[in-house]
Amino acid sequence: MAVDWLPAMVCEEPTVYAREDKTNRVLFADDDVMRDFLQYCVPQDWLPCSPMEGELRRRSSSLVANMRDRHSDMIWEIHCPDDTTWFVLLEFQSTADANMALRMARYSLFLWSDWERAQGNAGGRKLPYIVPCVLYSGEHWHMAVDLWDRLAVPKTMPRRFHWPFLLINTAELDAANLIEVSPLLGVALYLSASKNGAEFLRAVRRCREPIRRFNEKQGQIFAEWLSGWTEGREQAELIREILKEDEGMTLGLRKVFEGEREEGRKEGRQKGRREGRQEGRREGRQEGRQEGRQEGRQEGRQEGRQELLMEKILHLHRKGYGKAEILDLLEPDADAYDRVVE
């Protein structure tokens, strides 16, 4: 049976995290996602038993040692069929950290120390095995992945120990295969490897089909994860258009854009009514006030949609997007682009 000792280590978590940390915690808080991650992304020779056979349990991610808060992004406990227990320390990184090997070693020591205090370590019980894992979504990693390589020792000195951490670079994963066996995890890691907003939007477009196949639970997790990656209202609207929610988006995905969509509708109604009144007053003299209002509203909506498209083109152009990228993301006609930019 899994031991119940980590609650004694809980402290108040820091209030500021990187965006990647927040969004990835949403994703990896799900036991199915974590199980798939261990099964399909982690080399199996790092694991004492198959994650498909073990019982997973998420633990508090805050450790206390020497009266100071020590933070590891996520801790998972895995209980094997042979009654052994091991842990995964999971860190999320978007930049290469020269001290990562020391940090992961420190987190492991804190974890062992608290485990030993909770158990009393009667009879010198062996410590639980720990997989220190870093999920990296940045540029090429060029820092040490073994604590020994951080020591200032002569190059001729024999290596006296190995204390590595497992580095998993999202850009090096087989995205197509991962999406096939674990759609939610595969899509999220594929998107997180994007280097900029334009690349992220193109990646969303490529993943439309697997996203539409998400079940309700997967859609809700992905929607919350996606909202953390969306940069402002303009990009949220672009993603909504790319996924074309009226053609099969799940309930969970709709929720992430609910506020944006409602605000857009309200603006559209107001604009349509305003222009409808103006147009209606002019045409009402000839065709009747009621007909003028109806036609005015219809034209107002059409003009409003056209103006919104023009605003998006101009916004992306000012942010440095090229013509080909804008045409690919918004799919306007080339004349519309030329009218706005020129």
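Residues numbered from 1 in each chain as written. Predicted model: local features only at pLDDT ≥ 70, side-chain atom pairs only at ≥ 80, totals over all residues. Heavy atoms only, no water.

With respect to the secondary-structure elements, N169 resides in strand β7 (residues 166-169). Within the structure, the side chain of N169 is placed 3.0 Å from the backbone nitrogen of A171, a separation counted as a polar contact. Discounting chain neighbours no more than four positions away, the residues touching N169 are Y136, G138 and E139. (Helix = DSSP H or I, 4+ residues; strand = E, 2+ residues; numbered from the N terminus. Polar contact = N/O pair within 3.5 Å; in protein donor to acceptor, adjacent residues only side chain to side chain. Contact = heavy atoms within 4.5 Å.)

As a further point, take the nonpolar core. With 51 residues, the main nonpolar core has F28 and F37 as its most contacted residues. Apart from the residues within four sequence positions on either side, F28 is in contact with V33, M34, F37, M74, W76, L90, F92, L135, L185 and L189. M100, M104, Y107 and I130 belong to the second largest nonpolar core, which has 14 residues in total. (Core = buried A, V, L, I, M, F, W, Y, C linked by side-chain atoms within 4.5 Å. Buried < 20%, exposed > 50% of the residue type's maximum accessible area, 1.4 Å probe, protein only.)

Inspection of the entire model under this criterion finds 1 cavity of 30 Å³ or more. Estimated volume of the largest cavity: approximately 50 Å³. In this structure, the largest cavity is lined by 10 residues; those nearest its centre are N24, F92, Q93, L135 and S137. Contributions of two or more residues to the lining of the largest cavity are made by α1 (19-28), β5 (85-93), β6 (129-136) and α5 (183-192). The class makeup of the residues in the lining of the largest cavity is 4 nonpolar, 5 polar and 1 charged. (1 Å grid on protein atoms, 1.4 Å probe; cavity = no way out; pocket = protein on both sides within 12 Å on 5 of 7 lines; lining within 4 Å. Points joined across faces, edges and corners; volume = space filled by probe spheres on them. Nonpolar A, V, L, I, M, F, W, Y, C, P; charged D, E, K, R; others polar.)

As far as function goes, none of this settles anything; it's purely spatial.
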